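Understanding the architecture of this molecule
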Amino acid sequence: MSKLIFATSNARKVAEASLVAERHGVILESRALEVEEIQDRDPLEVSRTKVKAAFVAAGAPVVVNDSSWSIPALNGFPGAYMRDVTRWFVADDWLKLMAKRGDRTIVLTESTLFFDGETTKIFQRQQKGRFLEEARGKKNVSIEEVVSLVEDGRTMAEITEVGEDRGSATMDTWEEFFTWYKDEYIDGER
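Residues numbered from 1 in each chain as written. Predicted model: local features only at pLDDT ≥ 70, side-chain atom pairs only at ≥ 80, totals over all residues. Heavy atoms only, no water.

Quick word on the overall build of the protein
Scanning the protein from terminus to terminus reveals 6 helices and 7 strands. Helices (α) and strands (β) of the protein occur, in sequence order from the N terminus, as β-α-β-α-β-β-α-α-β-β-β-α-α. Computed over C-alpha atoms, the radius of gyration of the protein comes to 17 Å, within 12% of the 16 Å expected from 2.2 N^0.38 for 190 residues, which places it in the range of a compact globule. Over its C-alpha atoms, taken along the principal directions, the protein stretches across nearly 55 × 35 × 25 Å. The buried share among the 190 residues of the protein stands at 45%. If you take every contact in the protein between residues at least 6 apart in sequence, the share linking residues at least 24 apart comes to 58%. Of the roughly 10000 Å² of accessible surface on the protein, a fraction of 46% belongs to carbon and sulfur atoms. (Helix = DSSP H or I, 4+ residues; strand = E, 2+ residues; numbered from the N terminus. Rg over C-alpha atoms; globule rule 2.2 N^0.38 Å. Buried < 20%, exposed > 50% of the residue type's maximum accessible area, 1.4 Å probe, protein only. Contact = heavy atoms within 4.5 Å. Areas by Shrake-Rupley, 256 points an atom, 1.4 Å probe, with all protein chains shown as cover.)

Details of the pairing of strand β3 (residues 62-71)
Counting buried residues in β3 gives 8 out of 10 residues, a clear majority hidden from the surface. Taken together, the 2 bridges between strand β1 (residues 2-7) and β3 define a ladder with parallel strand orientation. If you follow F6 over to β3, its bridge partner there is V63. As paired elements, β3 and strand β5 (residues 105-115) share 9 bridges and run antiparallel to each other. Pairing of S70 across the sheet is with V107, part of β5. Judged from the 3 bridges that link them, β3 and strand β4 (residues 77-79) form a sheet pairing that is antiparallel. Paired with I71 across the bridge in β4 is F77. Counting the residues between successive antiparallel strands, the hairpin from β3 to β4 contains 5 residues, one of them, N75, with a positive phi of roughly 55°. (Pairing = 2+ DSSP bridges.)

Structure representation (structure tokens):
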């Protein structure tokens, strides 16, 4: 089995990625690397900078995974700033912010990036969701209590509570990445 460094300390991200990695014969080694994340309106630029810094810190090929959220009714807010915003906002703040908005759409963009010092590969997927009228489920991240990404209308927090997959965008980017990594990178002997 091949081994790859996943630059994260997020246990949920490690669990999700490891499910797919194992099917492709890859062992993920999660590392909480000291990497400063730049602030930028472009979430992909944040991820590109992060994966290159993680490579330098690890001294080996790495993969990172980032999420960004865009609310069309709010001109794309919060974008790459979601991590900071969720430290301030509780579920009720999101509900108040969206209360008088006709368009309650939110778009989750999942990005999985790989860098080995030369090759940068980017895998992205978007998933549309919507803000609900009330908070449901309990989660550490407030947005997950008020957003549904699934047809049955359950919030991300409700899905997490019962241990189900929270949405396809994350798993799709991992599947695409590990297919490329195994077929092109490992088997192609880069």
